[in-house]
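Listed here are the chains, written in short residue letters.
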Amino acid sequence: MNTQENQIRDMLVCTHGSHDKCCAKYGNPFYTQAKKTISELGVKNTRIWKASHFGGHRFAPTMIDFPDGRYYGLLDGESFKSILLRTGNIKLLGGVYRGWGILPTCIQALERELMFHHGWEWFKYKINF
């Protein structure tokens, strides 16, 4: 996968309150703040969406970042800004990164360590299967 400058990035935040109250309680305010952050920073080619159930509600607020397919939870403003801009201390993701949806569960821990080792550059590498 090659993340290009002009590629549209979609971020889905679970705000589904009838399945799990945590996502309504934490997801909705997070969505509002994240939308404001994107606008204030003038980030182009990035859309944020309210989404329904995709699992991991005990980690609310949760988010999937597409087109990469990476999952995050227990998000706050600081971690969101780092993910959005792919800047800052990569180790901050240690508390919020849930894994990469294209990988089997047993490989996700290894991918996380490689991400920490290579830093934000890791997100620019092409993936071949």
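Scroll up to find the structure.
Owing to the predicted nature of the structure, the values given are computational and were not obtained by experimental measurement.

> It is not clear to me how the overall build of the protein chain should be interpreted in this structure. Could you clarify?
Check the secondary structure of the protein chain and you find three helices and five strands. In terms of overall dimensions, the protein chain is globule-like: its C-alpha atoms have a radius of gyration of 14 Å, near the 14 Å expected for 129 residues. Across its three principal directions, the C-alpha atoms of the protein chain cover 40 × 35 × 25 Å. The 129 residues of the protein chain split such that 43% are buried. The long-range share in the protein chain, meaning contacts at least 24 apart out of those at least 6 apart in sequence, stands at 63%. Summed over all atoms, the accessible surface of the protein chain reaches about 7,300 Å², with 55% contributed by carbon and sulfur.

> Just checking my understanding: could you explain the sheet that holds strand S2 (residues 46-51) for this structure?
What holds strands together in a sheet is hydrogen bonding between their backbones, with the strands either parallel or antiparallel. With mixed pairing, the five strands of this open sheet are ordered in space as S2-S1-S3-S4-S5. Strands with a single pairing partner mark the edges of an open sheet, and in this sheet they are S2 and strand S5 (97-100). Averaged over all neighbouring strand pairs, the angle between strand axes comes to 20°, with direction disregarded. Two elements, strand S1 (residues 9-14) and strand S3 (residues 63-66), share four bridges in a ladder whose sense is antiparallel. The partner of Asp10 across the bridge, within S3, is Phe66. Those strands touched by helix H2 (residues 77-85) are S1, S2, S3 and strand S4 (70-72), and its axis lies near 155° from that of S1.

> Would you mind showing me how to read the environment of Arg70 here?
Tracing the chain through its elements places Arg70 in strand S4. Once the C-alpha coordinates of Arg70 and Ala109 are considered, the two residues, 39 residues apart in sequence, prove to be 13 Å apart. Not counting residues up to four positions away in its chain, the partners in contact with Arg70 are Met63, Ile64, Asp65, Tyr97, Gly99, Trp100, Glu111, Trp122 and Phe123. A polar atom in the side chain of Arg70 sits 3.2 Å from the side chain of Tyr97. Side-chain polar atoms of Arg70 contact the side chain of Glu111, separated by 3.1 Å.

> It is not clear to me how helix H1 (residues 21-41) should be interpreted in this structure. Could you clarify?
Owing to its 3.6 residues per turn, the α-helix brings residues three or four apart onto one side. Under the 1.5 Å per step criterion, the end-to-end length of H1 is 30 Å for 21 residues, consistent within 8% with the ideal 30 Å. Turning to H1, its buried residues number three or more, namely Cys23, Gly27, Phe30, Tyr31, Ala34, Thr37 and Ile38. At the C-terminal side of H1, Gly42 shows a positive phi close to 65°.

> Got a minute to help me understand the pattern of salt bridges in this structure?
Any two side chains of opposite charge can pair, so long as their charged atoms come close to each other. Applying the stated criterion to the full structure yields eight salt bridges. Where Asp65 meets Arg86, a salt bridge forms, and the shortest distance between an N and an O atom there is 3.9 Å. Residue Asp65 is found in strand S3, and its partner Arg86 is found in the loop between H2 and S5; the two are separated by 21 residues along the sequence. The class of Arg86 is buried, set by a relative accessible area of 18%. Residues Asp68 and Arg70 are paired through a salt bridge, measuring 3.3 Å at the closest nitrogen-oxygen approach. Per residue, the accessibility class of Asp68 equals that of Arg70, and both read buried. Taken together, the shared-partner salt bridges connect Arg9, Asp65, Asp68, Arg70, Arg86 and Glu111 into one network.

How each quantity is defined
- Residues numbered from 1 in each chain as written.
- Predicted model: local features only at pLDDT ≥ 70, side-chain atom pairs only at ≥ 80, totals over all residues.
- Heavy atoms only, no water.
- Helix = DSSP H or I, 4+ residues; strand = E, 2+ residues; numbered from the N terminus.
- Rg over C-alpha atoms; globule rule 2.2 N^0.38 Å.
- Buried < 20%, exposed > 50% of the residue type's maximum accessible area, 1.4 Å probe, protein only.
- Contact = heavy atoms within 4.5 Å.
- Areas by Shrake-Rupley, 256 points an atom, 1.4 Å probe, with all protein chains shown as cover.
- Pairing = 2+ DSSP bridges.
- Axes fitted to C-alpha atoms, helices over the stretch in contact; angles between N-to-C directions.
- Polar contact = N/O pair within 3.5 Å; in protein donor to acceptor, adjacent residues only side chain to side chain.
- Expected span 1.5 Å × (residues − 1).
- Salt bridge = Lys/Arg side-chain N within 4 Å of Asp/Glu carboxyl O.

Just geometry here; none of it tells us what the structure is for.
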